[in-house]
Amino acid sequence: MGKPFRILSIDGGGIRGIYPAHVLRCIEERLQINLFDTFDMIAGTSTGSIIAAGVAMGLPAADIVAMYKEHGAGIFRKRRFLWAGRRLKSIQPMFDSVYDAQYLKSVLADVFKDKRLGEIKKPLLLPSTDIGNGCVHVLKSGYSKGFIRDNTVLVKDAVLASCSAPTYFDPHKMGHYLLADGGLWANNPALAAMIEAQKRLGVAQDDIQILSIGTGHSKTMYGTNTSRKWGLINGWKHKEFISFILSLQSQSALNYLNLMLRPEQIKRINFVSDLPLLLDDVSTMEDLISRADHNFTHESEAIREFILNGGIESE
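Residues numbered from 1 in each chain as written. Predicted model: local features only at pLDDT ≥ 70, side-chain atom pairs only at ≥ 80, totals over all residues. Heavy atoms only, no water.

Q: When you look at the overall build of the protein chain in this model, what are you seeing that I'm missing?
A: Looking only at helices and strands, one finds 11 helices and 12 strands in the protein chain. Compactness check: the protein chain gives a C-alpha radius of gyration of 19 Å against a globular reference of 20 Å for 315 residues, within 12% of the reference. Overall, the protein chain is about 70 × 45 × 35 Å in size when its C-alpha atoms are taken along their principal axes. Sorting the 315 residues of the protein chain into buried and exposed places 52% on the buried side. Restricting the contact set of the protein chain to residue pairs at least 6 apart, pairs at least 24 apart contribute 76%. In the form shown here, the protein chain has an accessible surface area of approximately 14,800 Å², with 54% of it arising from carbon and sulfur atoms. Positive and negative side-chain charges in the protein chain, numbering 36 and 33 respectively, have mean positions lying 7 Å apart. (Helix = DSSP H or I, 4+ residues; strand = E, 2+ residues; numbered from the N terminus. Rg over C-alpha atoms; globule rule 2.2 N^0.38 Å. Buried < 20%, exposed > 50% of the residue type's maximum accessible area, 1.4 Å probe, protein only. Contact = heavy atoms within 4.5 Å. Areas by Shrake-Rupley, 256 points an atom, 1.4 Å probe, with all protein chains shown as cover. Lys, Arg positive; Asp, Glu negative; His and termini not counted. Charge placed at Lys NZ, Arg CZ, Asp CG, Glu CD.)

Q: Explanation requested: the packing of helix 1 (residues 18-30) against helix 11 (residues 285-308) in the structure shown.
A: How two helices pack is summed up by the angle between their axes together with the distance between the axes. Running from N to C, helix 1 and helix 11 cross one another at 45°; their axes reach a closest spacing of 8 Å. Taken as axis vectors, helix 1 and helix 11 run oblique relative to one another. In this structure, helix 1 crosses over helix 11, and the sense of that crossing is right-handed. Residues Ile18, Tyr19, His22, Val23, Cys26, Ile27 and Arg30 of helix 1 form the contact with helix 11, whose participating residues are Met285, Leu288, Ile289, Arg291, Ala292, Asp293, Asn295, Phe296, Thr297, Ile303 and Ile307. Partitioning the contact of helix 1 with helix 11 into residue classes produces 12 nonpolar, three polar and three charged. (Axes fitted to C-alpha atoms, helices over the stretch in contact; angles between N-to-C directions. Parallel < 35°, antiparallel > 145°, perpendicular 65-115°, else oblique. Left-handed = near helix turned anticlockwise from the far one by under 90°. Nonpolar A, V, L, I, M, F, W, Y, C, P; charged D, E, K, R; others polar.)

Q: Explain the side chain of Lys140 here, please?
A: Of note, Lys140 is situated in strand 6 (residues 135-140). Residue classification places Lys140 among the buried positions, given a relative accessible area of 14%. For Lys140, the contacting residues outside a window of four places in its chain are Leu117, Leu124, Leu125, Phe147, Asp150, Glu196 and Arg200.

Q: For this particular structure, what's the right way to read the pairing of strand 1 (residues 5-10)?
A: When a strand is regular, its side chains alternate between the sheet's two faces. Burial runs high along strand 1: six of the six residues are buried. Residues Phe5, Ile7 and Ser9 line one face of strand 1 and the alternating positions Arg6, Leu8 and Ile10 line the opposite face, and both faces are buried. Sheet topology note: the strand 1/strand 9 (residues 208-213) ladder contains six bridges and is parallel. If you follow Ile7 over to strand 9, its bridge partner there is Ile210. (Pairing = 2+ DSSP bridges.)

Q: Mind showing me how you'd approach helix 3 (residues 47-56) here?
A: Helical periodicity: at 3.6 residues per turn, an α-helix aligns residues three or four positions apart in one direction. Burial within helix 3 is extensive, with 10 of its 10 residues counted as buried. Regarding helix 3, the residues found buried are Thr47, Gly48, Ser49, Ile50, Ile51, Ala52, Ala53, Gly54, Val55 and Ala56. Just beyond helix 3, the residue with positive phi is Gly58, at close to 80°.

Q: Would you mind showing me how to read the packing of aromatic side chains here?
A: Given two aromatic rings, their pairing is described by the distance between the two centres and the angle made by the two planes. In total, this model carries six aromatic pairs according to the counting rule given. Ring centres 5.3 Å apart and planes at 80° place the aromatic pair Phe76 and Tyr99 in the edge-to-face group. With a gap of 23 residues between them, Phe76 in the loop between helix 4 (61-75) and strand 3 (82-83) and Tyr99 in the loop between helix 5 (92-95) and helix 6 (102-112) connect regions that are remote in the sequence. Phe76 sits in the buried class, given a relative accessible area of 14%. Summarising the aromatic geometry, the rings of Tyr99 and Phe169 are spaced 6.0 Å apart at their centres and angled 40° between planes, so their arrangement reads as tilted. (Phe/Tyr/Trp six-rings, centres within 6.5 Å; stacked < 30°, edge-to-face > 60°.)

Q: Can you walk me through the pattern of salt bridges in this structure?
A: Opposite charge on two side chains lets them pair, provided their charged atoms get close. All told, the structure shown has 14 salt bridges when counted by the stated rule. Between Lys267 and Glu299 there is a salt bridge whose closest N-O contact spans 2.7 Å. Here the residue Lys267 occupies a position in strand 11 (residues 266-269), and Glu299 occupies one in helix 11, the gap between them amounting to 32 residues. On the basis of relative accessible area, Lys267 is assigned to the buried category, the value being 14%. Under the relative-accessibility criterion, Glu299 is labelled partly exposed at 27%. One salt-bridge network, in which partners are shared between bridges, spans Lys140, Glu196 and Arg200. (Salt bridge = Lys/Arg side-chain N within 4 Å of Asp/Glu carboxyl O.)

Q: Any chance you could explain empty space enclosed by the protein here in plain terms?
A: In this approach a probe as big as a water molecule rolls over the atoms, and the regions it shows empty are the leftover space. The tally for this structure, following the rule as stated, stands at one cavity of 30 Å³ or more. In this structure, the largest cavity encloses a volume near 180 Å³. If you trace the largest cavity, you find 17 residues lining it, with Gly14, Thr47, Ile50, Ile75 and Phe76 closest to the centre. Among the secondary structure elements, those contributing two or more residues to the lining of the largest cavity are helix 3 and helix 4. Broken down by element, the residue count for the lining of the largest cavity peaks at five residues, all from helix 4. Class assignment for the residues of the lining of the largest cavity results in 12 nonpolar, five polar and no charged. (1 Å grid on protein atoms, 1.4 Å probe; cavity = no way out; pocket = protein on both sides within 12 Å on 5 of 7 lines; lining within 4 Å. Points joined across faces, edges and corners; volume = space filled by probe spheres on them.)

Okay, here's the thing in structure tokens:
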């Protein structure tokens, strides 16, 4: 086995991104581990793309946590619809995305300025979905001379594309592409990152070490009552349905990785909830920070050992 190739992977999950952001803050501040210097590749989907891009640009995780706290409520402020002087809240999701992306755009512009993907040499993967051509679309930084498509793409645009969750935000038009949330196929981008490291960078599978941070998994299911009407709103429960799809993808990616890698090659930091975990419930931010702090505190030594050693010895 050669030198460990360390991958940091961050799941999607809307406002729940404050959970992995705080975990990373704890790693930086309490373990005194520099994330930018430590990890060889960084991958993030949807809300995880904000964090991943921030880390790849050397931003302190504390600043990313502060961004969620300051702007979360603004990002998830519902559109205003007026008809005959009355707001139509109940039918809003039937006609338009729930949220206007303008506020999110302004936040991303403030955080990432005019930085372009080609200017970032740290391997960075931001999964999105090309709904125009019906295929996956992974936005990548300039770590390979063979990359020609994304070098001039603004980081703020790449992140917005990865964050554009269906029914929550409109798809993002970027050049010749119409892009939506990468969580539709890679909500947990760790598997995609591992394959990229192997195929693009020639890293041996035995040398890969993945720190994968989730945004929570809800045990709440639909039950077995078949008498309900299975419409999007009354049966599938719109927002719960979207969260359910993203959670399934995260679980399947983790299951595949656990089958492919040795236990000491991957560490997953996540939590399980008995309640639904919505992408836009900003009232849960303090609870999410508390969960992150609790999980980190109880696993801090294991996290330190994994990041610094990972069970892989250099030759």
